[in-house]
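These are the residues of each chain, in order.
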Amino acid sequence: MERTYADALDEIRNRVDIVDIVQTRVLLKRKGQNWWGCCPFHKEKTPSFSVSPSKGIFKCFGCGESGDAITFLMKINNQSFSEVIQDLAKQYGIELPKTYGQKKDNSEEKQKAREALKDACEYYQENLYSCPEAKKALEYLYSRGITDEIIKEYKIGYSMKQYSALQENFKDKYTFELLEKAGLVLTTEKGNKVDRFRHRIMIPIIDDKNNIVAFGARAIDEGQNPKYLNSPDTILYNKSRILYGINVAKDAIIKEDYTIIMEGYFDVISAQANGLKNCVAACGTALTVDHIKLISRYSQSRKLYLAFDTDSAGVMATDRSSAVIKEAFQGLGDIKSFDASFSSMNEDKYACEIRVIVPPQGKDPDEYIREKGVESYKKYLQNAQLLLDFQIDRALKEVPKTASVSEKISAVRKILPLIEEIKNNIVQNEYIKSVATKLGIDETALVREFNNLSRASVQERQQISPIVTKTSNISEKAQKNLLSLYLTTERTLDYHVLSEKLKQVKFTEKNLIILKNTIDKLVCQVNNDNEKLTDALYVHFAEDSELKEIITDLIYLSDCFNNLAPNDLEAVIDENISRINAYNETCFEKELKTKYSQANSEEESIQYQKQLIEQLQKKLKTGD
């Protein structure tokens, strides 16, 4: 018997771990049974995005977005349902029905692009040793301590000077269009078709699944610009979401539970090749929030070391990167700001820890490791300052020993906003005391200035408008309450009994009517098993995002009604039925009044008047 679409979808849903899926794009922190983070679908500072691993669903209590793992991937990647299912089926090795996914998609094209990049990498590697013109590239690599073993391990190669050498080599295997989609060739403004990389050292960029997705290309000749030329964003590659070296670093990050973020390809290669494996670098772009989310998948403590150059550009990169890290972890807790033992009581609240590695003499990591060795570098790693200490010390070092009043004020203006970020009052006071002493200013005056800054920040935060959330009428809420009773994990009422009771009420909201009718059909198949019912509903409405969102809401709502005693459950049902009936009667009464006032004839007017009187008498009898 041929495997059905429902069978395959059910298996995919059972295999998917929603926490793993969501953590690729959202930084999560466990609180109780659920995981929480800042919603990726709207801007927020306080986490309102909840993921329930036991239920396999997510919900944002700020903007209302909700669903299962498949919904999340559809929304976050802007993919169709079919695309997500095919990606997950391939990932888990699940066979889909032959008739499924007949629509053309780009999965085959992506696979061909991967093959082209792999072949190109081997081609570049061969060039490095076989082409006479690559001699200068090889000499440069050797001069940087890159041995033949390292070249082989990191698949380093060389692109030839000719304008179409790569195209010519692969003309019988790949079309120009495919090579272009892989980022290997381009069309110039004059319409010429040329290789993108020429006369450069080729460094393959490999993702966390060990696929070559792009290249970083280093210039060889003096005056050859740009110094580094990187692949453009393609169907396989987004430079804002991948880190160089992550394929090697990920296992070490898991084991060591910290990450070193460096600036360049050779910094990472030099560190990893010498045994410091948990190092990564951004690929031709500044560090992004998505980069931090990628790292956080592999580290529990989220301890991050910034190891940029010590020149002015490197210092700016440290400030910029630290700001990105803070943005990524915003709302998940404090950034560690003090090493003294008395602050350890709050350690479990730290969202992350940021430290800065600063070797002496202004050397970048690659240069320092080559000259002094990796063990010497590790000593600076072990003694790396917390970001806050690094930034404050840097501001203080800029103040001359015989500083003027204006120079001290300038330093205070740089330092106080840093101290203001600390959430621990004791730690704040310690820093204020230390800064006042080092600058030779009155501590009381500095405290007063700090308090003024804090008050201004509070006023600014209070001006931020709250998010407007979705609302629904009393009847709709009551209808959802009743439907959620089917999804409680611990119930004292049989599905068939519940269905009989709900025949007393008229559901009025279109989607809830559809959902109720579907549940009525499914209760005979699931034998009072709420997990089977939930799975069946998600499969039935797999491609209806609106109904899947309602199902998710009902699952969260069902928690309120778990473990109710039979009498209490009866009371809940009766109360919600009464609310719906009362709301429906009120709506009917309003409708009659409107029709009465807009009647076109005396006969119509009398008819509506009679109905209104009947409605009033009904209310008097029931005591409403």
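Above this text is the structure in question.
Residues numbered from 1 in each chain as written. Predicted model: local features only at pLDDT ≥ 70, side-chain atom pairs only at ≥ 80, totals over all residues. Heavy atoms only, no water.

Student: Would you mind showing me how to read the overall build of the chain here?
Tutor: Looking only at helices and strands, the chain features 26 helices and 18 strands. The long-range fraction of contacts in the chain, counting pairs at least 24 apart against all pairs at least 6 apart in sequence, stands at 65%. Only carbon and sulfur atoms are counted for the fraction: they give 48% of the accessible area of the chain, which is about 32,600 Å². (Helix = DSSP H or I, 4+ residues; strand = E, 2+ residues; numbered from the N terminus. Contact = heavy atoms within 4.5 Å. Areas by Shrake-Rupley, 256 points an atom, 1.4 Å probe, with all protein chains shown as cover.)

Student: Explanation requested: the nonpolar core in the structure shown.
Tutor: Nonpolar side chains tend to gather and get buried jointly when the protein is soluble and globular. Core analysis: the biggest nonpolar cluster contains 67 residues, and Leu184, Phe215 and Ile260 have the highest contact counts within it. No other element matches the 8 residues that helix α5 (residues 107-130) contributes to this core. (Core = buried A, V, L, I, M, F, W, Y, C linked by side-chain atoms within 4.5 Å. Buried < 20%, exposed > 50% of the residue type's maximum accessible area, 1.4 Å probe, protein only.)

Student: Which parts of the structure should I look at to understand the sheet that holds strand β6 (residues 157-159)?
Tutor: Pairing between the strands of a sheet is mediated by backbone hydrogen bonds and can be parallel or antiparallel. One open sheet holds the 4 strands; their spatial order is β6-β9-β10-β11, and the pairing between them is antiparallel. Each having just a single partner strand, β6 and β11 (228-230) make up the two edges of the open sheet. Adjacent strand axes in the sheet meet at a mean angle of 35° when their direction is disregarded. Relative to strand β9 (residues 200-206), β6 runs antiparallel, the two being bridged by 3 bridges. Note on β9: the bridge partner recorded for Ser159 is Arg200. (Pairing = 2+ DSSP bridges. Axes fitted to C-alpha atoms, helices over the stretch in contact; angles between N-to-C directions.)

Student: Teacher, can you tell me more about the pairing of β9 here?
Tutor: Side chains on a regular strand alternate between the two faces of the sheet. Most of β9 is tucked away, with 7 of its 7 residues classed as buried. One ladder, built from 7 bridges, connects β9 with strand β10 (residues 212-219); its direction is antiparallel. Each residue of the ladder has a partner; that of Pro204, found in β10, is Phe215. Here β9 hands over to β10 after 5 residues, with Asn210 in that stretch at a positive phi of 65°.

Student: Please explain the pattern of salt bridges as it appears in this structure.
Tutor: Two side chains of opposite charge can pair, provided their charged atoms sit close to one another. Applying the stated criterion to the full structure yields 32 salt bridges. When the shortest N-O distance is used, the salt bridge between Glu109 and Lys181 registers 2.6 Å. In this pair, Glu109 is assigned in helix α5 and Lys181 in helix α9 (residues 176-181), connecting sequence segments 72 residues apart. On the accessibility criterion, Lys181 (38% relative accessible area) is partly exposed. (Salt bridge = Lys/Arg side-chain N within 4 Å of Asp/Glu carboxyl O.)

Student: Even after reading the chapter, I still don't get unusual backbone geometry, so can you show me in this structure?
Tutor: Residue Pro226 is reached from Asn225 by a cis peptide bond, and omega for that bond is -5°. By secondary structure assignment, the location of Pro226 is in the loop between β10 and β11. With phi around 65°, Asn210 is a residue other than glycine that occupies positive phi space. Take Asn210: it is sitting in the loop between β9 and β10.

Student: Hey, could you run me through the pairing of strand β4 (residues 57-60) in this one?
Tutor: The two faces of β4 match: Ile57 and Lys59 on one face and Phe58 and Cys60 on the other face are all buried. Direction of pairing for strand β3 (residues 49-52) relative to β4: antiparallel, over a ladder of 4 bridges. In the sheet register, Ser52 faces β4, and the bridge partner there is Ile57. Here β3 folds back onto β4 in antiparallel fashion, the turn holding 4 residues, of which Gly56 has a positive phi close to 70°. Relative to strand β5 (residues 66-68), β4 runs antiparallel, the two sharing 3 bridges. Within the sheet, the bridge partner assigned to Phe58 lies in β5 and is Gly67. Two successive antiparallel strands, β4 and β5, enclose a turn made up of 5 residues, where Gly64 displays a positive phi of approximately 95°.

Student: Sorry, what's going on with the state of the cysteines here?
Tutor: Linking two cysteines covalently via their sulfur atoms produces the bond known as a disulfide. One pass over the full model with this rule turns up 0 disulfides. Cysteine Cys38 remains unbridged, with the sulfur of Cys39 as its closest cysteine sulfur at 8.8 Å. (Disulfide = S-S within 2.5 Å.)

Student: When you look at the sheet that holds β4 in this model, what are you seeing that I'm missing?
Tutor: Taken together, the 5 strands give an open sheet; going across it, the order is β1-β2-β3-β4-β5, and neighbouring strands pair in antiparallel fashion. Of all strands in the sheet, those with a lone pairing partner are β1 (29-31) and β5, marking the two edges. Recorded for the sheet is a direction-independent mean angle of 25° between the axes of neighbouring strands.

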